[in-house]
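An overview of the molecular structure
Chain by chain, the residues:
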Amino acid sequence: MTGARFALRTAWTSLRGRPGRSVLTATGVLAAALVLGVAVTVAYALSTGFDRAARTADLPTVVARFDAEDAAKVDATVRRLPNLAAASYRYEQTDVPLSARGHATPEGVVEVVRGGRRGYAIVAGRDARPGLREAVVERGLATEWGLRVGGSIRVGRLGSVRIVGVSVSPDNVAYPLAKAAHVTLASDDRRFPVDTALLWAKDPSRSDVLVSAARQSSYGLRDLRFLTRAGVQALIGQAAGIVVALLASFAAVAAGLSGVLLGARAQSEVARTLDELGVQRALGLAPGTVVAVHAAHGALVTAPAAALGLAAGALASRTATARVLESLNELAPSWGTTAGLLVVLWAATVALVALTSAWPAWWAARRPPAALLRGGDVTSARPARRGTAFRGGLAALGARLVAARRVRFASVVAVLGAAASVVLLLLALSSLLQRLRDDPATLGKRYQLTTRLPASDRAAVEAIPGVRAAAVRYSADAVGASALGTPLKVIAYSSGDHTEFEAPPLASGRRARGPGEAEVGQGLADALGLRPGSTLAIQPLAPREVRFRVVGVVRALQDEGRVAFVAPQRLRAAGVALDGPMVLRLAPGADRARIARGLAALGAHADAVRGATGDSGAFLDVLASLLRVVAISVALVCLHALVSALALTARERRGAVATLRAAGADGRALRRLLRGAALAVALPAALVAVALEAFLLAPLVARGTAGYADLPLGAGPGQIAAVAGGLVVLAWLAAALTGRRLAREPVVAGLREEA
Amino acid sequence: MTAVVLEARGLVKVHGSGRGERRILDGARLTVSGGELVAIVGRSGSGKSTLLQLLGGLDRPDAGEVTVAGRPVTGASERALSALRRDEIGFVFQFFHLLPELDGEANVLLPATLPGAARGGVARGRALIERLGLRDVAGLRPHQLSGGEQQRFALARALVGDPSLVLADEPIGNLDAAAGDVVLDLLRAIADEGRAVVMVTHQPEASARADRVLELRDGQLVEVPEGRLVET
C-alpha cells in the first residue's frame with residue numbers, strides 16, 4: 001500500500017471512529033467557509049462589477065455632449081480625430097413624462113440612437129429597431145416599475161410604445177438612485193439632430209489625446225463637455241466604494257479567522273491523539289507518514305464542509321449583491337465565474353486545513369515515541385507560580401481552564417475580537433450612511449434651510465427672526481481645463497464667503513479670501529495634481545476658461561471631493577450662468593415655523609436640507625440588506641468560535657470536569673463554569689474589537705473608501721455597548737449549548753480519560 | 001455498630017454486546033455501615049472500579065438497587081445524583097485528579113464552591129489541610145507535590161462536604177509504601193470517625209486495614225475470611 005493510500009485510509013478510519021468530533025470540526029470549517037463565501041463573492045462581484053458591465057455594454061472611451069447639432073456635421077468633425085476606433089451618435093431629450101403600470105415620472109430621458117455601436121448591454125429581450133415604436137428600458141426602471149419585455153410604456157407625446165428589451169449602461173447609476181429614468185428608441189432618420197457623441201479610442205490608455213484633439217477641433221459645437229470612462233468609473237465607484245472596501249477588509253479578516261480556528265483545532269486534535277501517534281511511531285511508521293495521516297484527516301473533514309459553506313455563503317449573498325449591482329447599473333458575475341472562484345477558494349481552504357493539521361503533527365512526530373506514549377502535551381509546561389489562591393468560584397475556574405492554553409486562548413480572543421470588530425464597523429457604517437442621508441452637517445454644511453429667492457432678497461430674509469445668515473449658493477458643472485475628462489463642481493456664494501455656510505475641514509493651506517482664490521477638495525487636488533500655490537484652470541459651461549489660485553485643500557465629501565469653493569465674481573465675468581437656491585443658516589434654537597411664515601410672506605417656502613444621499617433611501621435599504629447578510633454570518637462565526645473554544649476546552653479537560661461532577665457539580669454548576677470560560681474569552685475580545693475598529697479597520701476603510709474626506713467611521717459608545725452586550729449574550733448561549741452536551745456525557749468516561 | 005450507610009442489592013452490569021458481551025456484575029450485594037472500612041479485592045478486570053462507580057452514582061446499573069444514606073441512587077435523576085454526590089459521597093481516585101491550574105488548597109475547597117454546597121465547607125477544608133499536615137504545601141500546584149501529598153489533598157477534597165460515605169479507588173495504587181501507609185492510616189481514621197469507607201484495592205497491606213474484605217468473583221461479592229491473604 002502506498003503512503004498516500006495508507007494515510008487516507010487511516011484518516012478515514014479515524015474519522016468514522018469519532019463521528020461526534022468530526023461533525024464538530026466540520027461545523028467549524030463550514031462556519032468559516034460560509035463567511036469566506038459571503039465575503040469573497042460579494043467583494044469580487046462589487047469590485048469587478050463596473051469593468052464587467054463596461055465590457056459587456058461596450059462603454060465608450062469618451063462621451064462628448066453638446067447642444068443639438070446636425071449629425072453629418074458632427075460626424076465629419078469626429079472622423080478626423082486621431083486615435084479614434086469608432087463613433088456613434090445619440091439625441092437625448094430630458095424631462096420627458098414616462099408612465100407605465102400605474103407608475104409615472106416627469107423626469108424621463110429618451111435617448112434616440114442611430115446605427116453603430118450602442119454603448120449599452122441588452123440584458124433581456126433585444127435591441128430596438130428603427131421606426132417600429134419599440135423601446136428599450138433601463139433595468140432600474142424595469143425593476144422599479146415591474147416592466148417586462150412585451151409590455152408597453154407611455155413616452156411623452158409619442159404615446160404608448162412596446163418594450164422589446166431591457167438595457168444596462170454603466171455610465172450612470174440606475175433609476176431610482178438616479179433621478180432620471182432612461183428609455184432608448186432607435187431612429188434611422190438622418191434629419192434627426194444629435195447632441196451626444198460616443199467615441200471609442202484605438203488605444204484607450206491615450207484617451208486624453210482623443211479628448212484634447214476633440215476639444216481643439218470642436219469649432220461650432222456649443223456647450224461641449226467630455227466625460228471619460230475613468231471619470232464615469234470614479235463617479236459610479238463612489239456609491240459602492242464604502243461597501244467594497246468594507247467587504248475586502250472583511251474578507252481578509254474572515255480568511256485569517258478561518259485559518260486561526262482551523263489551526264487551533266488541528267493542534268488540539270494532535271494533542272488528543274498523542275497516544276495513537278505514539279503507537280503508530282512505535283510500530284515503525286515514519287514521521288512523514290504520521291504527518292500525512294493528519295493532513296489527510298484535515299482534508300477529509302474539510303472537503304465537504306468547505307464546499308457546503310462556500311456554496312451557502314455565495315447563495316446567501318447573491319440576491320443582496322445583485323440588488324446593489326442593479327442599483328449601480330453593473331452586472332453580476334456569471335454562475336461559471338462564481339463557481340470557478342468558489343473552486344479556487346475551496347482548494348485553498350482544504351490546503352490550508354491540511355497544512356495546519358500537518359504542522360503540529362510534524363512537530364509531535366519528531367519526539368521520541370516513548371514521550372508520545374506517555375501522553376505528553378504538545379505544548380511545553382510553563383513554570384508554575386506559587387500561591388494561586390482560589391477566588392471567584394466556578395466561573396473563575398472556567399476562566400482559568402480556558403486560559404490554560406495560552407496560545408489557543410490568545411488566538412480565540414483574536415478571532416472573536418476580529419469578528420466583533422467587523423460587526424462594530426458595520427454598525428458604524430450603517431450609522432454613517434444614516435447621517436449622510438439625514439444630517440447635512442456630516443458634509444460640512446452649516447445651513448439648515450433652502451428657499452428659492454434671488455440674492456437681492458438676502459437682507460429681507462436675514463431680517464426674519466431666527467435667521468443668522470442667508471446667501472445664494474451657486475453651483476456650476478465644469479471640467480478641468482488641462483484634463484477635460486475630469487468633471488468637477490464649482491461652488492460659490494453670493495455673499496462671497498462660503499465658510500459661513502459650508503466649511504469642510506482644511507487639509508492644507510488656508511481659507512480663500514479674495515475673488516481670485518479657491519479652496520479645492522482633496523479629490524480634485526488628487527485628480528489634477530493641485531496644492532496650495534497651484535493654479536486651478538477650469539472650463540465651465542461658458543465661452544471662457546476661468547483660473548483661480550489654489551490657497552487651500554479641503555476634505556470635502558461631496559462629489560467625491562471634486563469640488564472647488566470660489567467667490568462668484570470671476571465666474572460671472574467668464575459668462576457662467578450662475579443659479580442656485582438661497583441657503584439659510586439658522587440661529588441655535590430658531591423657530592422654524594416662524595421662519596417658514598416669514599419666507600411665505602416673501603412668496604417663498606422653506607425646504608429642509610438633507611444629507612448627501614437624500615434621494616437614495618432605496619439604495620441605502622439595499623446596502624443595509626447586504627450589510628445584514630454580512631453581520632449575520634459574522635455573528636454566526638462569533639458563536640461558533642465561542643462554542644468550539646468551550647467544546648475544545650471541555651473535551652481537553654474532561655478529566656477536570658468529571659472530577660467536578662464526581663464532587664457533585666450538576667448542570668447549573670457546569671453552566672457557571674462554562675460561562676466563566678466564555679466570558680474570559682468574550683470580554684477581552686470586546687476590548688480587542690474596540691481597539692481594532694478604532695485604530696485599524698475604521699481608518700483603513702475610511703482611507704480606502706474616501707481618502708478625499710474625513711469619514712467619521714468611529715464606533716460610538718452605544719455601538720460599543722451593543723457589541724459587548726452581544727458578545728456576552730453569545731457567551732451565555734455558547735455556555736448553555738456546551739453545558740447541555742457536557743451534562744449528558746458519562747462521568748466515568750472523563751475519569752477514565754484523565755487516568 | 002452504627003446505621004447502614006450503603007446498601008446495594010442485585011447489581012448487574014453488562015459491558016459490550018453480542019459475542020463481546022461481558023457480565024461484569026451479576027447480582028452483587030453489599031451493605032456497609034458507618035464506621036466500617038470495607039476493602040473490595042479481585043483480579044484486574046473483575047469489575048471492582050465499575051462496582052465503585054455504580055455505588056457512587058457515577059454510572060447506572062443494568063439491574064439492581066443502591067441506596068446511600070437512605071437516598072436512592074439507582075433511578076435518580078442526574079440532578080438528584082449530583083446533589084447526592086455533593087452531600088453524601090466523597091471520592092478518592094488512584095490518579096488523584098487534582099486540577100493542575102489550582103494549588104492544593106484551592107483543589108480542596110473546590111466542592112465547597114459548588115451551587116447548593118453546605119455552609120462551612122471552606123472552614124472544614126482548611127481544618128482538613130491542617131489536620132492532614134498539608135499547610136506548608138497548600139500553596140503549591142499538583143505537579144510540585146509528591147504523590148503522597150497529592151493523595152492527601154485529594155482525601156481532604158473528598159471530606160470537605162462532610163460525606164457519610166467515602167469511596168476510594170486504588171487509593172495507594174500510585175504511591176510508594178511510606179506514602180501509602182499514611183493514606184491508609186487516614187482512611188482508617190476516617191472510618192473510625194463514623195463514616196462508611198469502601199476501598200477498592202489489590203494490595204494486601206490495604207486490605208489488611210479493613211474491617212471486612214470482599215472479593216469480587218464472577219460478578220458477585222464474596223466475603224474473605226479474616227487473616228487470609230487474597231491473591232489478586
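Remember, it's a predicted structure, so these values are computed and weren't measured experimentally.

Remarks on the overall build of chain B
In terms of regular secondary structure, chain B is built from seven helices and ten strands. Within chain B, buried positions represent 52% of all 232 residues. Taking the intrachain contacts of chain B between residues at least 6 apart in sequence as the baseline, contacts between residues at least 24 apart amount to 71%.

Examining the sheet that holds strand 3 (residues 37–41) of chain B
Residues and elements named next belong to chain B. The sheet built from six strands is open, its strands ordered 6-7-8-3-9-10 with mixed pairing. Each of the sheet's edge strands pairs with one partner strand only, and the pair in question is strand 6 (89–92) and strand 10 (220–224). Across this sheet, the average inter-strand angle for adjacent strands is 20°, counted without regard to direction. Bridge count between strand 3 and strand 9 (residues 212–217): four bridges; the pairing is parallel. By the bridge assignment, alanine 39 is partnered in strand 9 with valine 213.

A short note on the interface of chain B and chain A
Size of an interface, as often reported, equals the accessible area lost when the parts are brought together. Between chain B and chain A, the contact holds 31 residues from the first and 31 residues from the second. If one sorts the elements of the side of chain B that touches chain A by residue count, helix 2 (residues 78–88) of chain B sits on top with six residues. Split by residue class, the side of chain B that touches chain A holds 14 nonpolar, nine polar and eight charged.

Description of helix 4 (residues 121–131) of chain B
Residues and elements named next belong to chain B. Those residues of helix 4 that fall on the buried side of the exposure criterion are Gly121, Gly125, Leu128 and Ile129. Relative to the axis of helix 4, the buried residues are bounded by an arc of 100° and lie together on one face. Exposed side of helix 4, more than 90 degrees from the buried face: Ala123 and Glu130 are the residues found there. In this structure, the buried side of helix 4 is in contact with helix 3 (104–109) and helix 5 (147–159). Glycine 133, located one to two residues past helix 4, shows a positive phi value of around 70°.

A few points about the nonpolar core
Residue and element names in this part refer to chain A. Core analysis: the biggest nonpolar cluster contains 237 residues, and Leu416, Leu642 and Val681 have the highest contact counts within it. A total of 21 residues in this core trace back to one element, the largest contributor, which is helix 2 (residues 19–57). Setting aside residues no more than four positions away along its own chain, leucine 642 makes contact with Leu416, Ala678, Val681, Ala682, Leu730, Ala731 and Ala734. Val62, Ala197, Ala518 and Val583 belong to the second-largest nonpolar core, a separate cluster that totals 72 residues.

Concerning the confidence of the model for chain B
Here chain B averages 88 in pLDDT, and 97% of its residues register 70 or above. Interface scoring of the predicted complex returns ipTM 0.85; its pTM is 0.65.

Details of the packing of helix 2 of chain A against helix 9 (residues 335–365) of chain A
Residue and element names in this part refer to chain A. One can describe the packing of helix 2 onto helix 9 by two numbers: an axis separation of 11 Å at closest approach and a directional angle of 140°. Viewed along their axes, helix 2 and helix 9 adopt a mutual orientation that is oblique. Considering how the two elements wind past one another, helix 2 and helix 9 form a crossing that is right-handed. Along its contact with helix 2, which presents Val29, Ala33, Leu36, Gly37, Val40, Thr41 and Tyr44, the element helix 9 presents Thr338, Leu341, Leu342, Leu345, Thr349 and Val353. Here the contact of helix 2 with helix 9 is built from residues that sort into nine nonpolar, four polar and no charged.

Here's the deal with the pairing of strand 13 (residues 487–493) of chain A
Residue and element names in this part refer to chain A. Most of strand 13 is tucked away, with six of its seven residues classed as buried. Relative to strand 18 (residues 563–566), strand 13 runs parallel, the two being bridged by four bridges. Bridge pairing in strand 18 places alanine 492 opposite valine 566.

Let's talk about helix 2 of chain B
Two residues of an α-helix separated by three or four positions point the same way, owing to the 3.6 residues in each turn. Those residues of helix 2 of chain B not exposed but buried are Leu81, Ser82, Leu84, Arg85, Arg86 and Glu88 of chain B. Against the buried residues of helix 2 of chain B lie helix 18 (654–662) of chain A together with strand 4 (63–68), strand 5 (71–72), strand 6 and strand 7 (165–169) of chain B.

Here we look at the environment of alanine 478 of chain A
Residue and element names in this part refer to chain A. Note on placement: alanine 478 falls in strand 12 (residues 467–480). You can call alanine 478 buried: it has 23 C-beta atoms within 10 Å. With sequence-adjacent residues up to four places away left out, alanine 478 is seen in contact with Leu488, Val490, Ile538, Gln539 and Pro540.

With respect to unusual backbone geometry
Following tyrosine 175 of chain A, the chain continues into proline 176 of chain A via a peptide bond in cis, with omega recorded as 5°. Relative to the helices and strands, proline 176 of chain A is located in the loop between strand 7 (159–168) and strand 8 (181–186). Located in the positive-phi region is aspartate 58 of chain A, a residue other than glycine, with phi close to 60°. With respect to the element layout, aspartate 58 of chain A can be found in the loop between helix 2 and strand 1 (62–69). Here aspartate 58 of chain A falls in the partly exposed class, since 16 other C-beta atoms lie within 10 Å of it. Its identity as a non-glycine residue notwithstanding, aspartate 218 of chain B has a phi of 55°, on the positive side.

Examining the pairing of strand 9 of chain B
Residue and element names in this part refer to chain B. As paired elements, strand 9 and strand 10 share five bridges and run antiparallel to each other. Across the sheet, the residue bridging to leucine 216 is leucine 221, located in strand 10. Between the end of strand 9 and the start of strand 10, which pair antiparallel, lie two residues, with aspartate 218 showing a positive phi angle near 55°.

Re the sheet that holds strand 2 (residues 22–33) of chain B
All names here are of chain B. Taking strand neighbours across the sheet as the criterion, the four strands line up as 2-1-4-5 in an open arrangement whose pairing is antiparallel. This sheet does not close on itself; its edge strands, each paired only once, are strand 2 and strand 5. Relative to strand 5, strand 4 runs antiparallel, the two sharing two bridges. Counterpart to valine 68 in the pairing with strand 5 is arginine 71.

Here is what the cut-offs are and how they apply
Residues numbered from 1 in each chain as written. Chains lettered and ligands numbered in written order. Predicted model: local features only at pLDDT ≥ 70, side-chain atom pairs only at ≥ 80, totals over all residues. Helix = DSSP H or I, 4+ residues; strand = E, 2+ residues; numbered from the N terminus. Buried ≥ 20, exposed ≤ 12 C-beta atoms within 10 Å, placed from the backbone. Contact = placed C-beta atoms within 7 Å. Pairing = 2+ DSSP bridges. Axes fitted to C-alpha atoms, helices over the stretch in contact; angles between N-to-C directions. Nonpolar A, V, L, I, M, F, W, Y, C, P; charged D, E, K, R; others polar. Arc of directions from axis to C-beta. Core = buried A, V, L, I, M, F, W, Y, C linked by C-beta atoms within 7 Å. pLDDT = per-residue confidence, 0-100. Parallel < 35°, antiparallel > 145°, perpendicular 65-115°, else oblique. Left-handed = near helix turned anticlockwise from the far one by under 90°.

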